[in-house]
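Below, each chain spelled out in residue letters.
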Amino acid sequence: MTQTRSNSLASRIAAGVGVVSIAAIFFSLGMWQLDRAAALKASLVSATTVDEKVVALESIAATNSLLTPDAINRMVNLSGHYVASYRAPDQVDGDGKVGDWEVALLQVGTEKGILVVRGLWSERLLNPDIAQSMLIDIVGELRAHQDGDRADNSPGIISRLDSAVIVGATDLDLFDGYILARTESHDGSELVRTRLSAEKLTSRIPGFYWQHLSYVVIWWLMAAVVLYPPLYRRRVAS
């Protein structure tokens, strides 16, 4: 009899531990989903907000290294010489319009370089007098490099806005990302052409904010469902 009672007690303890463990797992999943919702909301803000305070490029970025999150979408100024020009096909602007863009490689100093989106490819001849010897002053938005190809790399064409695709075509040490030019000037005279707005970015965290919150509710309900039957049976028995 004593042995039977001991086995029964051990079984109830094991069952209780199992129920509590499963409920704890569901509760933890709800907390994880809640954190994902908060991270999604924060990333949406950082992906679409541009800091309009203009700073020097080299104060927030360095060559041969990835941009830090704090550097992305910052307004920067810099000066240099255009040493190459490329067509970037099938780019999408902030209004959702698809077009080919003119992207130039700007040499900064003697050893550094960064890609600069100057404007539409169709307007590339608006400033025919620009030469490599001319020092160009630029104010623009520093953007993270693109991940997906929009075309095939070929002479004069780059597949995406990413310094990695031109590493083999230059000896310069390249900055990560690219600059979306707001203004270009030479000796105080602005180079006038249509300036492009940035494509609206989305968070890299999948899903929607309210979707994550709904999963939080589901996980916690499942935890409650696991805990309720044992508690109910105990209450009925008492």
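Note: the structure precedes this text.
Definitions and limits used
- Residues numbered from 1 in each chain as written.
- Predicted model: local features only at pLDDT ≥ 70, side-chain atom pairs only at ≥ 80, totals over all residues.
- Heavy atoms only, no water.
- Helix = DSSP H or I, 4+ residues; strand = E, 2+ residues; numbered from the N terminus.
- Buried < 20%, exposed > 50% of the residue type's maximum accessible area, 1.4 Å probe, protein only.
- Contact = heavy atoms within 4.5 Å.
- Salt bridge = Lys/Arg side-chain N within 4 Å of Asp/Glu carboxyl O.
- Pairing = 2+ DSSP bridges.
- Core = buried A, V, L, I, M, F, W, Y, C linked by side-chain atoms within 4.5 Å.

Draft legend 1. Spatial organisation of the overall build of the protein chain. Scanning the protein chain from terminus to terminus reveals two helices and seven strands. In the protein chain, buried positions account for 34% of the 238 residues. Looking at the protein chain alone, contacts between residues at least 24 apart form 69% of all its contacts between residues at least 6 apart.

Draft legend 2. A look at the environment of Leu 34. The residue Leu 34 is located in helix H1 (residues 2-48) in this model. Separated by 181 residues in sequence, Leu 34 and Tyr 215 place their C-alpha atoms 8.5 Å apart. Filtering out sequence-adjacent residues up to four positions away, Leu 34 remains in contact with Leu 213 and Val 216.

Draft legend 3. Examining the pattern of salt bridges more closely. The tally for this structure, following the rule as stated, stands at ten salt bridges. One salt bridge connects Arg 193 with Glu 102, and the closest N-O pair in it is separated by 2.7 Å. Of the two residues, Arg 193 sits in the loop between strand E7 (189-190) and helix H2 (209-237) while Glu 102 sits in strand E3 (residues 98-108), which places them 91 residues apart along the sequence. With respect to burial, Arg 193 and Glu 102 carry one shared label: buried. Connected through shared salt-bridge partners, Glu 102, Arg 118, Glu 184, Arg 193 and Arg 195 make up one network.

Draft legend 4. Focus on the pairing of strand E6 (residues 173-186). Most of E6 sits out of view: ten of its 14 residues are buried. Of the pairings in the sheet, the one linking strand E4 (residues 112-120) to E6 comprises five bridges and is parallel in character. Pairing of Lys 112 across the sheet is with Asp 173, part of E6. Here strand E5 (residues 136-143) runs beside E6; their pairing, made up of seven bridges, is antiparallel. Note on E6: the bridge partner recorded for Asp 137 is Ser 185. Here two bridges tie E6 to E7, and the two strands are oriented antiparallel to one another. Note on E7: the bridge partner recorded for Ser 185 is Glu 190. The turn linking E6 back onto E7 is made up of two residues, and Asp 187 within it adopts a positive phi angle of 55°.

Draft legend 5. Up close: the nonpolar core. Membership of the largest hydrophobic core comes to 22 residues, with the highest contact counts inside it found for Leu 57, Leu 78, Ile 114, Ile 138, Leu 142 and Ile 179. Counting only elements with at least two residues in this core, the list comes to strand E2 (74-92), E3, E4, E5 and E6. Each residue touching Ile 114, except ones within four places of it in the same chain, is listed here: Leu 57, Leu 78, Ala 104, Leu 105, Leu 106, Val 108, Leu 142, Phe 175, Asp 176, Gly 177, Tyr 178 and Ile 179. Within the second largest apolar cluster, 16 residues are counted, among which are Trp 101, Val 117, Leu 161 and Leu 180.

Nothing here speaks to function; it is geometry throughout.
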